[in-house]
Amino acid sequence: MEEVTEAVNNMTISEGAEGHKKNRIQVSNTKKPLFFYVNLAKRYMQLHNEVELSALGMAIATVVTVAEILKNNGLAVEKKIMTSTVDVKDDNRTRPIQKAKIEIILGKTDKFDELMAAAAEEREAAAAEEQS
């Protein structure tokens, strides 16, 4: 868990392609652990005040779980939820298949900065305790 948090904290967020939003996280259900996305969403909210979580198909459950963790911890509020279907080209089939898509936009709560500062202090205290 600490490795995931450290990896997210050490990430540099670079400018993406033209059509890519800076605060969008496209979630996969197989590539990264759940708390990677939770911590990444916190980081994006610190930088942009809101984050857009996006997923297709089976990854939708992961996006909903990430959003609920952030909401239940008092860090985020729902701004908008959009659902749709998209055509996905499959190499094995001649015609595209439809997949469900969800986009959840979360904004910071009034207590976000306060909660994040308290969590950082707890981590620092725990690290100092380990060293002594």
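Calculation criteria
- Residues numbered from 1 in each chain as written.
- Predicted model: local features only at pLDDT ≥ 70, side-chain atom pairs only at ≥ 80, totals over all residues.
- Heavy atoms only, no water.
- Helix = DSSP H or I, 4+ residues; strand = E, 2+ residues; numbered from the N terminus.
- Buried < 20%, exposed > 50% of the residue type's maximum accessible area, 1.4 Å probe, protein only.
- Contact = heavy atoms within 4.5 Å.
- Areas by Shrake-Rupley, 256 points an atom, 1.4 Å probe, with all protein chains shown as cover.
- Pairing = 2+ DSSP bridges.
- Axes fitted to C-alpha atoms, helices over the stretch in contact; angles between N-to-C directions.
- Core = buried A, V, L, I, M, F, W, Y, C linked by side-chain atoms within 4.5 Å.
- Right-handed = clockwise from strand over helix to strand, strands pointing away.
- Parallel < 35°, antiparallel > 145°, perpendicular 65-115°, else oblique.
- Left-handed = near helix turned anticlockwise from the far one by under 90°.
- Nonpolar A, V, L, I, M, F, W, Y, C, P; charged D, E, K, R; others polar.
- Expected span 1.5 Å × (residues − 1).

The number of helices and strands found in the chain is 4 helices and 4 strands. Counting from the amino terminus, the chain carries its helices and strands in the arrangement α-β-α-β-α-β-β-α. The buried share among the 132 residues of the chain stands at 32%. Long-range contacts, defined as pairs at least 24 residues apart, comprise 71% of the intrachain contacts of the chain with a sequence gap of at least 6. Carbon and sulfur atoms form 47% of the exposed surface of the chain, whose accessible area is close to 8900 Å².

Further remarks concern the sheet that holds strand E3 (residues 76-88). One open sheet holds the 4 strands; their spatial order is E1-E2-E4-E3, and the pairing between them is mixed. At either margin of the open sheet sits one strand with a lone partner, and together these are strand E1 (24-27) and E3. The sheet shows a mean angle of 20° between the axes of neighbouring strands, direction not considered.

Another point: the nonpolar core. Of all hydrophobic cores here, the largest spans 26 residues; its most connected members are Ile25, Val51, Leu53, Ala55, Val63, Leu70 and Leu106. For this core, the secondary-structure elements that each account for two or more residues are E1, helix H2 (34-48), strand E2 (50-56), helix H3 (60-72), strand E4 (97-108) and helix H4 (112-131). If sequence neighbours within four positions are ignored, Leu70 has contacts with Val38, Ala41, Lys42, Met45, Leu75, Ala76 and Leu106.

Time to look at unusual backbone geometry. In this structure, Asn49 takes a positive phi of about 70° despite not being glycine. Turning to its location among the elements, Asn49 is positioned in the loop between H2 and E2.

This brings us to the pairing of E1. Relative to E2, E1 runs parallel, the two sharing 4 bridges. From the neighbouring strand, Gln26 faces E2, where its bridge partner is Ser54. Where the polypeptide runs from E1 across H2 and back to E2, its parallel neighbour, the crossover connection is right-handed.

On to the packing of H2 against H3, then. Running from N to C, H2 and H3 point in directions that differ by 55°, and their axes come no closer than 10 Å. With respect to H3, the element H2 is oriented oblique. In this structure, the crossing between H2 and H3 has a hand that is right-handed. Contact residues: Leu34, Phe35, Tyr37, Val38, Ala41, Lys42 and Met45 in H2; Thr62, Thr65, Val66, Ile69 and Leu70 in H3. A breakdown of the residues in the contact of H2 with H3 according to their chemical character gives 9 nonpolar, 2 polar and 1 charged.

A separate point is H2. In this model H2 runs 21 Å from its N-terminal to its C-terminal C-alpha over 15 residues, within 8% of the 21 Å that 1.5 Å per residue would give. Inspection of H2 places Phe36, Tyr37, Val38, Asn39, Leu40, Ala41, Lys42, Arg43, Tyr44 and Met45 among the buried residues, and these make up the whole buried set.

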